[in-house]
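Here's the letter readout for the chains.
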Amino acid sequence: MENLTGRLLVAVPHPDDEPGMGEMFERSVVLLLHHDEDGAHGLVLNRPLDADVDAVLLGWQPHVSKPGRLFQGGPVQLDSALGLVSIPGDDTTIGIKRLFGSVGLVDLDAPPVVVMPEVAGLRIYAGYSGWDGDQLEREIREGAWFVVPAEAGDAFSREPDALWTAVLRRQRSTLALVSTFPADPSLN
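Residues numbered from 1 in each chain as written. Predicted model: local features only at pLDDT ≥ 70, side-chain atom pairs only at ≥ 80, totals over all residues. Heavy atoms only, no water.

On to unusual backbone geometry. Here the residue pair K66 and P67 is connected by a cis peptide bond, since its omega of 15° sits within 30 degrees of zero. When you line up the elements, P67 lands in the loop between β3 (39-44) and β4 (71-72). The backbone of R27 shows a phi angle near 55°, a positive value even though the residue is not glycine. Tracing the backbone shows R27 in the loop between β1 (7-11) and β2 (29-36). With phi around 50°, Q77 is a residue other than glycine that occupies positive phi space. When you line up the elements, Q77 lands in strand β5 (residues 76-86). What makes Q77 partly exposed here is its relative accessible area of 46%. (Helix = DSSP H or I, 4+ residues; strand = E, 2+ residues; numbered from the N terminus. Buried < 20%, exposed > 50% of the residue type's maximum accessible area, 1.4 Å probe, protein only.)

This part covers the packing of aromatic side chains. Under the criterion given, the structure shown has four aromatic pairs. A centroid spacing of 5.6 Å and a plane angle of 80° characterise the contact between F25 and W145, whose relative ring orientation is edge-to-face. Highlighted residues: F25 in the loop between β1 and β2 and W145 in strand β9 (residues 145-149), separated in sequence by 120 residues. No difference in accessibility class separates F25 from W145, as the two residues are buried. Among the aromatic side chains, those forming a connected cluster through ring pairs are F25, W131 and W145. Its end group placed over the ring of W164, R27 keeps NZ or CZ at 4.1 Å from the ring centre. (Phe/Tyr/Trp six-rings, centres within 6.5 Å; stacked < 30°, edge-to-face > 60°. Lys NZ or Arg CZ within 6 Å of the ring centre and 35° of its normal.)

Within the element layout of this structure, E137 appears in helix α2 (residues 135-141). The side chain of E137 is buried and forms no salt bridge, while R141, the nearest opposite charge, is found at 6.2 Å. For E137, the side chain forms a polar contact with the side chain of H35, separated by 2.7 Å. Once residues within four sequence positions are removed from consideration, E137 is found in contact with M1 and H35. (Lys, Arg positive; Asp, Glu negative; His and termini not counted. Salt bridge = Lys/Arg side-chain N within 4 Å of Asp/Glu carboxyl O. Polar contact = N/O pair within 3.5 Å; in protein donor to acceptor, adjacent residues only side chain to side chain. Contact = heavy atoms within 4.5 Å.)

Turning our attention to the pattern of salt bridges. Scanning the entire structure with this criterion turns up six salt bridges. D52 is the partner of R69 in a salt bridge, and the nearest nitrogen-oxygen pair spans 2.6 Å. One end of the pair, R69, is in the loop between β3 and β4; the other, D52, is in the loop between β3 and β4, and 17 residues separate them in sequence. Classification of R69 by relative accessible area gives partly exposed; the value is 22%. Assessed through its relative accessible area of 38%, D52 is described here as partly exposed. Here R170 ties to D154 by a salt bridge, and the two come within 2.6 Å at their closest N and O atoms. Residue R170 is located in the loop between α3 (163-169) and α4 (175-178), and its partner D154 is located in the loop between β9 and α3; the two are separated by 16 residues in the primary sequence.

Moving on: the nonpolar core. Among the nonpolar cores identified, the biggest contains 24 residues, and L8, V10, L31, L45, L84 and F146 are the most heavily contacted of them. Elements supplying a minimum of two residues to this core: β1, β2, β7 (103-106), β9, α3 and α4. If one sorts the elements of this core by residue count, α3 sits on top with four residues. Non-local contacts of L31, meaning those with residues more than four positions away in its chain, are made with G6, R7, L8, H41, G42, L43, L45, L84, F100, V103, A150 and A155. (Core = buried A, V, L, I, M, F, W, Y, C linked by side-chain atoms within 4.5 Å.)

Purely geometric stuff here, so don't read any function into it on its own.
In structure tokens, the structure reads:
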């Protein structure tokens, strides 16, 4: 399978009587930060938590993008935090590791005043999503995920609860119709 780094995984909706991937990934949108033959990892972009960033990282709250909440990036290592940033231009910046395009990870041990002048957007995630070996490829073949291109603003959407629908709706295929799949299929 091709390298999917920088692409979005959009959870395929399942009726209540069909097994899905669990509540964490229900209607989730995952940005793949890394993908190779050894596995993949990414961040769920649309799971804001009911917690301020300052609850886990003092000093970063004033710098996070709206809605200004801590996000759950996935079920792995929930006691760790990752800072996803949007970096304009091509320059290297102290405290930021560019992953692809304008997307990078910020060193959360660095003082915010050092890195924030170079950043256009910031989200802080508790935990991440991870797959071993060919686990992700198997899930895609089994129909658990749609793989679609990411857009620059996806990771910093001001309406993360509407991101699943928005990403599907902009597709130029029958995937756009999937965006109308009701959360409760029995209401259909």
